[in-house]
Amino acid sequence: MKITATKRTETGTSASKRAREEGMIPAAIYGREVETVPVLLNAKELEMTLREVGANGVFNVEVDGESYQVFVKEKKNAALKPEIYHVDLLAFVKGQKVNMMIPVYVSGEEQIKEGIVSQSISELEVNVAPADAPAEYIVDVSEMEIGDAKHVSDIEIADDVELLTDTDLTVVSVSAPQIEEDPEPTSEDEMPEPEVIGEDKDSEE
């Protein structure tokens, strides 16, 4: 998969805003052996590419006749619109390993009859050759019960992937639902008996 980029001749907030209005996304290509190259990417081409290769997928970017093999290291989205504002593209050479964040998803929640599923970690950090990086990790919770938990160490990691996240961290757990009890009335909650105003106490005697 390859997309073509143009070098940015202008930088700054105003220049970036104009670029977005023209359907372009500001980006930066950088890497261990690559000096940072500020570029502009066609928004539709980038979105189409990411849909095809996945969030951690590898693709090529061509700039002024030079090709870079990259993946999205960081992506910034607009606050109020489903639009990409800026991307950092990490360039690498074949066989080079880099640190990547791989998303973690939970499956089988619908099969848990009782209990609340809580996911504590949404991604794992690994060191891997980008071309060999998994698209995601799936944690099956269908057979978990109240009090159960799965940790990073329970996720199967390929031999060519170095896990950097602490293996003792909890990924997902199942806890008992909280039952809200009605508070017991206190002396402050008890209403005093109404007093009849103007009643003649002597008439009661």
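Anything mentioned here points back to the structure above.
Please read these numbers as outputs of a predicted model, since none were measured by experiment.

Draft legend 1. Looking closely at helix α2 (residues 43-53). Within the span of α2, buried status applies to Ala-43, Leu-46, Thr-49 and Leu-50. Angular distribution of buried residues about the axis of α2 spans 130°; they occupy a single face of the element. Exposed side of α2, more than 90 degrees from the buried face: Lys-44, Arg-51 and Glu-52 are the residues found there. Elements in contact with the buried residues of α2: β1 (2-7), β2 (24-31), β3 (34-42), β4 (59-63), β5 (66-77) and β6 (84-91). If you check the start of α2, you find a side-chain oxygen 3.1 Å away from the backbone N of Lys-44, and it comes from Asn-42. A positive phi of about 95° marks Gly-54, the residue just after α2.

Draft legend 2. Layout of helix α1 (residues 13-21). Among the residues making up α1, those that are buried are Ala-15, Ser-16 and Ala-19. Buried residues along α1 cover an arc of 100° about the axis, so they all sit on one side. Along α1, the residues that are exposed and aim more than 90 degrees away from the buried face are Thr-13, Ser-14, Lys-17 and Glu-21. Buried-residue contacts for α1 involve β2 and β3. Phi turns positive one or two residues past the end of α1, at Gly-23, with a value near 85°.

Draft legend 3. Representation of unusual backbone geometry in the model. Of note, the phi angle at Asp-64 is positive, near 50°, even though the residue is not glycine. Note that Asp-64 resides in the loop between β4 and β5. Overall, Asp-64 belongs to the exposed group, its relative accessible area being 62%.

Draft legend 4. Representation of the side chain of Asn-127. Counting through the fold element by element, Asn-127 comes out in strand β9 (residues 123-128). Note on Asn-127: relative accessible area 16%, which makes it buried. Here Asn-99 takes part through its side chain, which lies 2.8 Å from a polar atom of the side chain of Asn-127. Contact partners of Asn-127, with chain neighbours within four places excluded, come to Lys-97, Val-98, Asn-99, Asp-160, Val-161, Glu-162 and Leu-164.

Draft legend 5. Structural detail: the packing of aromatic side chains. By the definition in use, this model includes one aromatic pair. Measuring from centroid to centroid gives 6.3 Å for Phe-71 and Phe-92, while their planes differ by 50°, and the two rings are tilted. One end of the pair, Phe-71, is in strand β5; the other, Phe-92, is in the loop between β6 and β7 (98-107), with 21 residues separating them in the sequence. Both residues of the pair, Phe-71 and Phe-92, count as buried. The side chain of Arg-20 reaches across the aromatic face of Tyr-85, ending 3.8 Å from its centre.

Draft legend 6. Representation of the environment of Phe-92. Among the residues examined, Phe-92 registers a relative accessible area of 9% and is labelled buried. With sequence-adjacent residues up to four places away left out, Phe-92 is seen in contact with Val-58, Gln-69, Val-70, Phe-71 and Pro-130.

About the criteria used
Residues numbered from 1 in each chain as written. Predicted model: local features only at pLDDT ≥ 70, side-chain atom pairs only at ≥ 80, totals over all residues. Heavy atoms only, no water. Buried < 20%, exposed > 50% of the residue type's maximum accessible area, 1.4 Å probe, protein only. Helix = DSSP H or I, 4+ residues; strand = E, 2+ residues; numbered from the N terminus. Arc of directions from axis to C-beta. Contact = heavy atoms within 4.5 Å. Polar contact = N/O pair within 3.5 Å; in protein donor to acceptor, adjacent residues only side chain to side chain. Phe/Tyr/Trp six-rings, centres within 6.5 Å; stacked < 30°, edge-to-face > 60°. Lys NZ or Arg CZ within 6 Å of the ring centre and 35° of its normal.

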